[in-house]
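Residues per chain, in single letters:
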Amino acid sequence: MNTYDPRIVVQSLEDLQDEITRWSSAASDTLASATTSQMHAQESVDRILHKAAIVKDRAENDKLLVESSISRVEETIERGSTAVVTAKETLQDAQNRLNIASSTLDKWQAELYEALAWLERAEARLAKAVDDLERARNALRQAEWELRTAEARLRNCQNDPNRHNCSGEAAAVNRARLAVIQAKNWVVVAEQEVIAAKEEVERAKKRVACCRKAVALSTEAVKIAQESIASANQALNFAERSLELAHTAERFVLSAQKNMLLETEQANNMLSEAQAAQSLSDNAANYLSQADRAEEAAQRYASSVKTELDYRIQQLRNFNSPSILTPGDWSLPRNVYPSEIKVYTRSDGKTQIIYGHQRDRSGRIIGSHGHTVLKRNGKIDYARTQKGSVKKDTGD
Amino acid sequence: MDDLLWLMKQQSRVLQELRLNTQGVWQDEAARELSSRYLTPHEDEDQYMLAGFSQQYEAIEQSKTRIITAEEHAVQSGNYAEIVDEELKLTEQELQGSYGNYDTYVRYHAEARSKFPIIQDLLDQANSVCTD
């Protein structure tokens, strides 16, 4: 059994009590801080999860937009390709029609040239026929005059009593009559030639007119065919431009698709990280709960320790205080000093205080000494002075 | 939190050291009883508590790291989203250009083909005008 200096023990127990008090305060502060940290951590997790949901939603929306754009671009390329093929066919068709129109124009221009040449020939024939008719008519007039002259000479001869033979005049009349007949025949032939020539001129003119009409129509057809080619060329240019822009759009949308996949990957990574953060925050909450329970239990023990220490300290103080023993009841040795007081708890739970005025090297009180026994409730059970007197504490 | 936890550990360590020191001046049955009934269980719970706080702190720190990484992914995703947005705008712009040119193509193509029957009619007239 050891003996202790009550004042040192009290001081130690008070220090221990103070330290437990500080511990208790620190634990409460730490728990409060940890709770706040947990709350902030959960708020951060909630925010990042919310943000991750937004980012993920945006990525999914972009995916839909890209897919829609790809679909439209593919349709546009398909349509543009068809347009280019169709425009080329139309251009070829227009060129064919221009070729046909040009051939037709060439043909009718040649026909016109022929018709004009024919007309020229017909007009020359008519002019010659008219001239021939005039000459035939002049010849007829000359023959008729010569007939009248021959007939006048024949009548003069026949009326001339001096003439008995008018055969010469008669022969001349006959020749003149024959000449008139021949001249009349010539006129008739010449007139027929004029009529025929005029008819030919009319036919040639009609041919020229229709050829001119055909040339005009063909020329108009060529002109419109050229316009058609110009339009077809423009159509081809715009179709090719449309296809070219669609291919440019394709390059952009394919790049957008690649970046959309990267965006989605990053959004998924973000969501995974946010979920991991949530899991860690949940773990942290469990650890906090564990710490909270431990802190609560430790606080209970600390409270009990403090209560117990309070009791022990009070006991020691009571023992070390002159008020423990009322003057008159006790005759304490005058040489009692705090260093010579020893306090310990006995096996029956009572506190025994030994005091004397001398210790050996091991701290044990030796020589004349007294002791006091305190019950658990702090009341004096009994005491013995150095003189050996014993008195029960009545509690009064 | 880190500082406070460090202080808490220090406080626990100081308490245990003081407890050891107290044992040097008070080692009777009452001291042992106090230890076994209160101080040792208190130390055990204190250690559980400190372990819980430390694990919570570590978990929160790891959670923060994950959140930072998540934010980085968010920034990168946002950057890609902006590029996607821009490229979709350019795609739309090119598509609108393509549509405009296609509409013009349709107009010219219709115009070209509308002349075909006129040409044919004129040629038919030209070829028949001298046959009457």
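Before any of the text, the structure's been laid out above.
1. What about the overall build of chain B?
Argument step 1. Looking only at helices and strands, chain B has two helices and zero strands in total.
Argument step 2. Scaling as 2.2 N^0.38, a compact globule of 132 residues should have a C-alpha radius of gyration of about 14 Å, whereas chain B reaches 45 Å, well beyond that.
Argument step 3. Across its three principal directions, the C-alpha atoms of chain B cover 150 × 20 × 10 Å.
Argument step 4. Counting only residues that meet the buried cut, chain B has 38% of its 132 residues in that class.

2. Notes on the interface of chain A and chain B
Argument step 1. Every contact between the two is made by 111 residues of chain A and, on the other side, 76 residues of chain B.
Argument step 2. Of all the elements in the fold, those that place two or more residues in the side of chain A that touches chain B are α1 (6-159), α2 (167-320) and β1 (341-345) of chain A.
Argument step 3. Counting residues per element, the side of chain A that touches chain B draws most heavily on α2(A), which supplies 59 residues.
Argument step 4. Considering only residue class, the side of chain A that touches chain B consists of 61 nonpolar, 29 polar and 21 charged.

3. Overview of the packing of helix α1 (residues 2-25) of chain B against helix α2 (residues 29-128) of chain B
Residue and element names in this part refer to chain B.
Argument step 1. Taken N-terminus to C-terminus, the directions of α1 and α2 make an angle of 160 degrees; their axes are 11 Å apart at the nearest point. Between α1 and α2, the angle falls in the class roughly antiparallel. The two elements α1 and α2 meet at a crossing, and its hand is left-handed. Packed against α1, whose contacting residues are Asp 2, Leu 5, Met 8, Lys 9, Ser 12, Gln 16, Arg 19 and Gln 23, the element α2 presents Ala 31, Leu 39, Glu 43, Asp 46, Leu 50, Phe 53, Ser 54 and Tyr 57 at the interface.
Argument step 2. Partitioned by chemical class, the residues of the contact of α1 with α2 number seven nonpolar, four polar and five charged.

4. Some remarks on the packing of α1(A) against α1(B)
Argument step 1. Running from amino to carboxyl end, α1(A) crosses α1(B) at an angle of 160 degrees, the nearest separation of the two axes being 9 Å. Between α1(A) and α1(B), the interaxial angle falls into the category roughly antiparallel. Relative to α1(B), α1(A) is oriented so that their crossing is left-handed.
Argument step 2. Looking at the contact of α1(A) with α1(B) residue by residue, the classes come out as 16 nonpolar, seven polar and five charged.

5. A short note on α2(B)
Argument step 1. Between its first and last C-alpha, α2(B) extends 142 Å over 100 residues, near the 148 Å set by a 1.5 Å rise per residue.
Argument step 2. Largest kink in α2(B): about 45 degrees, centred on Ser35(B).

Quick notes on the rules
Residues numbered from 1 in each chain as written. Chains lettered and ligands numbered in written order. Predicted model: local features only at pLDDT ≥ 70, side-chain atom pairs only at ≥ 80, totals over all residues. Helix = DSSP H or I, 4+ residues; strand = E, 2+ residues; numbered from the N terminus. Rg over C-alpha atoms; globule rule 2.2 N^0.38 Å. Buried ≥ 20, exposed ≤ 12 C-beta atoms within 10 Å, placed from the backbone. Contact = placed C-beta atoms within 7 Å. Nonpolar A, V, L, I, M, F, W, Y, C, P; charged D, E, K, R; others polar. Axes fitted to C-alpha atoms, helices over the stretch in contact; angles between N-to-C directions. Parallel < 35°, antiparallel > 145°, perpendicular 65-115°, else oblique. Left-handed = near helix turned anticlockwise from the far one by under 90°. Expected span 1.5 Å × (residues − 1). Bend = angle between axes of the 7 residues up to and from the residue.

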